[in-house]
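One letter stands for each residue in the lines below.
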Amino acid sequence: MIIYWLVFLFPGLLALIGNRRTQFNKSGYNSTNLDPVWWLIIFILTIFIGFRYEVGGDWDGYLMVYDRSQLQEFGLGRDPGYLLIQWMAEYLNWGIVGVNVVCALIFSIGLAVFCRSLPRPLLALSISIPYLVIVVAMGYTRQGVALGIAMIGLVALSRNQNKWFVFWVLLGVTMHKTAVLLLPIAALTATQNRIWTFIWLGVISLGAYYIFLVEMVEVLFKNYVEAQSQSSGAAVRIAMSIIPGIIFLLFRNRFHFHPREKSLWTWFSLLAIGLGFLLISVSTASTAIDRLALYILPLQLVIFSNLPDIFGPSYRRLLVFCVILYCSLILFVWLNFASHAYLWLPYKNFLFQ
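Figured I'd write up the structure that's included with this text.

Rules of the game
Residues numbered from 1 in each chain as written. Predicted model: local features only at pLDDT ≥ 70, side-chain atom pairs only at ≥ 80, totals over all residues. Heavy atoms only, no water. Helix = DSSP H or I, 4+ residues; strand = E, 2+ residues; numbered from the N terminus. Buried < 20%, exposed > 50% of the residue type's maximum accessible area, 1.4 Å probe, protein only. Contact = heavy atoms within 4.5 Å. Axes fitted to C-alpha atoms, helices over the stretch in contact; angles between N-to-C directions. Parallel < 35°, antiparallel > 145°, perpendicular 65-115°, else oblique. Left-handed = near helix turned anticlockwise from the far one by under 90°. Nonpolar A, V, L, I, M, F, W, Y, C, P; charged D, E, K, R; others polar. Phe/Tyr/Trp six-rings, centres within 6.5 Å; stacked < 30°, edge-to-face > 60°.

**Some remarks on the overall build of the protein**
- When you go through the protein residue by residue, the secondary structure sums to 16 helices and zero strands.
- Buried residues in the protein amount to 54% of all 353 residues.
- Across the protein, every contact between residues at least 6 apart in sequence was considered, and the portion connecting residues at least 24 apart equals 78%.

**A word on the packing of helix α12 (residues 234-250) against helix α14 (residues 286-293)**
- Orientation of α12 relative to α14, taken along the N-to-C sense of each, is 30 degrees, at an axis distance of 10 Å. Classified by the angle their axes make, α12 and α14 are roughly parallel. The chirality of how α12 crosses α14 is left-handed. Judged by residue contacts, Ala234, Arg237 and Ile238 of α12 engage Ser286, Ile289, Asp290 and Ala293 from α14.
- The class makeup of the residues in the contact of α12 with α14 is four nonpolar, one polar and two charged.

**Re the packing of aromatic side chains**
- Inspection of every chain in the model, using the stated rule, returns 20 aromatic pairs.
- Considering the side-chain rings of Tyr4 and Tyr347, the 5.7 Å spacing of their centres and the 80 degrees angle between planes classify their relative orientation as edge-to-face. Of the two residues, Tyr4 is situated in helix α1 (residues 2-17) and Tyr347 in the segment after α16 (316-337); the sequence distance between them amounts to 343 residues. Neither Tyr4 nor Tyr347 differs from the other in exposure class; each is buried.
- Note on Phe332 and Phe337: the rings are 6.3 Å apart at their centroids and 75 degrees apart in plane angle, and the pair reads as edge-to-face.
- Here Phe332 falls in the partly exposed class, since its relative accessible area comes to 39%.

What follows is the structure, encoded as structure tokens:
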């Protein structure tokens, strides 16, 4: 498991010795331009995630889907973006590893853009490693790449770029249909022209639902709800998003966010808490709630990476250390005590097989 610790500690140590970004673009936001260092990070993450071999909870399932993908109907209700990547991998004879590499590259670019939008990008990156990268991107390939694309959309949304948010989310929907659930967020967080925003986003959301999701609702309901599919660590994973949500709601005025950013992460915090109550109420469908909660994960990166700067300069270094320590405990507990961690151990990479 040493490789997991190395991938986590590298950005964590750099974040510990680094400082808050002071460079902004003309609009007053952090620049999301990717310099050579971040392209190197993307390359490393792509190798780490994409070239994994027999690693991850859904490895066998995705291998089975790949083997029979030629028999699948290329339809909008069947994640066409992911099927297109599969078709390309088959045509080029890349195999399942080729599919994973392309998905890892897309996810890593999305994660890098999202981290670069924050004042402490390396700290945000280290926060993402224990769960978002290792568990989600390496375990739930389609939902991971959908979330990576959606994170670019969230950056756009936080900067009042509604149309770009819709574009990126719809692109993410082609990878995993559940990403369509993010579309209403834009209407909820609107600070200007709310009525018009509700109308056009409502029309697009309904259209996306009927195009991508309506055919699969019955199947998803049977698989996750009627089958009472349960996820043993759902409560812990949702709590990981509830904690930063509560922190943000308690100290909301200390976070130096633009109005749209503040509205966005307020709603994400409320959604995290709401999913916690939903899990308590409908515990027999914890897997469904757990999968929906994946789209709340960016909240952790935003709040924890801003946390060192909301209580004054005297506590910054200490709080950075505390955040890294907290994330290291998450990684330690997951690697040693999670019921499905054995599916990630030992780490194997196709390049070294």
